[in-house]
Amino acid sequence: MVKLTMIARVTDGLPLAEGLDDGRDMQDAEFYKQQVKALFKNLSRGQNEPSRMSIETGSYVFHYIIEGRVCYLTMCDRAYPKKLAFQYLEDLKNEFERGYENQIETAARPYAFIKFDTFIQRTKKLYQDTRTQRNISKLNDELYEVHQIMTRNVQEVLGVGEKLDQVSQMSSRLTSDTRVYADKARDLNRQALIKKWAPVAIVLGVVIILFWLKGKIW
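Residues numbered from 1 in each chain as written. Predicted model: local features only at pLDDT ≥ 70, side-chain atom pairs only at ≥ 80, totals over all residues. Heavy atoms only, no water.

Student: How should unusual backbone geometry be read in this particular structure?
Tutor: Trans peptide bonds make up most of the peptide bonds, and negative phi angles are found at most residues other than glycine. Phi at R69 is positive, roughly 60 degrees, even though this residue is not glycine. The class of R69 is partly exposed, set by a relative accessible area of 49%. We note that Y111 has phi near 55 degrees; this positive angle belongs to a residue other than glycine. Within the secondary structure layout, Y111 lies in the loop between α2 (82-100) and α3 (117-128). By relative accessible area, which is 21% here, Y111 ends up partly exposed. (Buried < 20%, exposed > 50% of the residue type's maximum accessible area, 1.4 Å probe, protein only. Helix = DSSP H or I, 4+ residues; strand = E, 2+ residues; numbered from the N terminus.)

Student: Before we go on, may I ask you to explain the packing of α2 against α3 in this structure?
Tutor: Any two packed helices are characterised by the angle at which their axes cross and by the distance between the axes. Interhelical geometry of α2 versus α3 gives an angle of 155 degrees and a closest axis separation of 11 Å. The orientation of α2 with respect to α3, classified from their angle, is roughly antiparallel. Considering the relative orientation of α2 and α3, their crossing is right-handed. From α2, L84, Q87, Y88, D91, L92 and E95 reach across to α3, where they touch F119, I120, T123, K124 and Y127. For the contact of α2 with α3, the class distribution of residues is six nonpolar, two polar and three charged. (Axes fitted to C-alpha atoms, helices over the stretch in contact; angles between N-to-C directions. Parallel < 35°, antiparallel > 145°, perpendicular 65-115°, else oblique. Left-handed = near helix turned anticlockwise from the far one by under 90°. Contact = heavy atoms within 4.5 Å. Nonpolar A, V, L, I, M, F, W, Y, C, P; charged D, E, K, R; others polar.)

Student: Could you clarify how one ought to interpret α2 in this entry?
Tutor: An α-helix turns once per 3.6 residues; consequently, residues spaced three or four apart project the same way. With 19 residues, α2 should cover 27 Å at 1.5 Å per step; its first-to-last C-alpha distance of 27 Å lies within 8% of that length. Of all the positions in α2, only K83, L84, A85, F86, Q87, Y88, L89, E90, L92, K93, F96 and Y100 are classed as buried. (Expected span 1.5 Å × (residues − 1).)

Student: How should I be thinking about a nonpolar patch on the surface in this particular structure?
Tutor: On the surface, L193, W197, V200, L204 and I208 cluster together into a nonpolar patch covering about 520 Å² of accessible area. With respect to the secondary-structure elements, L204 resides in helix α5 (residues 154-217). (Patch = residues over 30% accessible without salt bridge, like charges linked within 9 Å, V, L, I, M, F, W, Y side chains within 5 Å. Areas by Shrake-Rupley, 256 points an atom, 1.4 Å probe, with all protein chains shown as cover. Salt bridge = Lys/Arg side-chain N within 4 Å of Asp/Glu carboxyl O.)

Student: Hey, could you run me through the side chain of K83 in this one?
Tutor: Relative to the elements of secondary structure, K83 occurs in helix α2. Owing to a relative accessible area of 9%, K83 belongs among the buried residues under this scheme. Beyond its immediate chain neighbours, meaning those up to four positions away, K83 contacts K138, L139, N140, D141, E142, Y144, E145 and V146.

Student: What exactly am I supposed to notice about the pattern of salt bridges here?
Tutor: Here the idea is simple: oppositely charged side chains can pair when their charged atoms come close. In this structure the tally under the stated criterion is twelve salt bridges. For E18, the salt bridge goes to K33, with nearest N and O atoms at 3.3 Å. Taken together, the residues span a long stretch of sequence, with E18 in strand β2 (residues 15-18) and K33 in helix α1 (residues 29-44) at a distance of 15 residues. Here E18 and K33 have matching classes, each one buried. The partner of K93 in a salt bridge is E90, with the nearest N and O atoms 3.9 Å apart. With K93 and E90 both in helix α2, this residue pair falls three residues apart, about one helical turn. Of the two residues examined, K93 and E90, each falls in the buried class.

Student: Any chance you could explain the pairing of β2 here in plain terms?
Tutor: Bridge count for strand β1 (residues 2-9) against β2 is three bridges, and the pairing is antiparallel. Bridged to I7 within β2 is A17. Once β1 ends, the chain turns through five residues before running back antiparallel as β2, passing G13 with a positive phi of about 75 degrees. (Pairing = 2+ DSSP bridges.)

Student: Looking at this model, I keep getting lost on the packing of aromatic side chains. Mind explaining?
Tutor: We describe a pair of aromatic rings using the distance from one ring centre to the other and the angle between the two ring planes. This structure, assessed with the given rule, holds ten aromatic pairs. The interplanar angle of 80 degrees and the centroid separation of 6.1 Å between the aromatic rings of Y100 and F116 together place this pair among those described as edge-to-face. Here Y100 is found in helix α2, whereas its partner F116 is found in the loop between α2 and α3, with 16 residues between them in sequence. Neither residue differs from the other here; Y100 and F116 are each classed as buried. Connected via pairs of aromatic rings, a cluster forms that spans Y72, F96, Y100, F113, F116 and F119. Lying over the aromatic face of Y127, R134 brings its terminal NZ or CZ to 4.5 Å of the ring centre. (Phe/Tyr/Trp six-rings, centres within 6.5 Å; stacked < 30°, edge-to-face > 60°. Lys NZ or Arg CZ within 6 Å of the ring centre and 35° of its normal.)

Shown next, in the form of structure tokens:
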């Protein structure tokens, strides 16, 4: 069965729409939604992921397609036919482009097209039962093949993003440490100058005082 459906802009990972009723029968729905958002974040970094991919996560599989800088993603049971999942996404893509293609780039707030949920729910119902004549016909459609679509594990995919985050954090730490070392270096130089010239300043001060006292006495 189709469990979750989310649509996002690839350039910045901004969520544009999702199935509002999705995940109500799942205990860990929020956990998987966070994984989806992490995947969108990875895609927004421009990691050159394939335009179509399946990603295994626990008892489920994420399937997504990217078209026109928009990612259409659904999560299904592992047993759900891959072919139907991608045809479901194609139906969503075609309708979403028809209704919102000229507004995608200018969308400024999350879920700007949340009304698209009506179409998501209606279409999802058509794809839920794999035994209907309609879906059996789609499964037998030789013109739509998914054999070459790559399947990966979610840890493998998200691991790339985690490594990038680690590099970014290390870079920030190095920058911060560099500033600290520079401040310490300035302090050490200041202390070295004080140690070097303090005796000379003291001697000169004493000499000046002696000359001043001598002038007073005489």
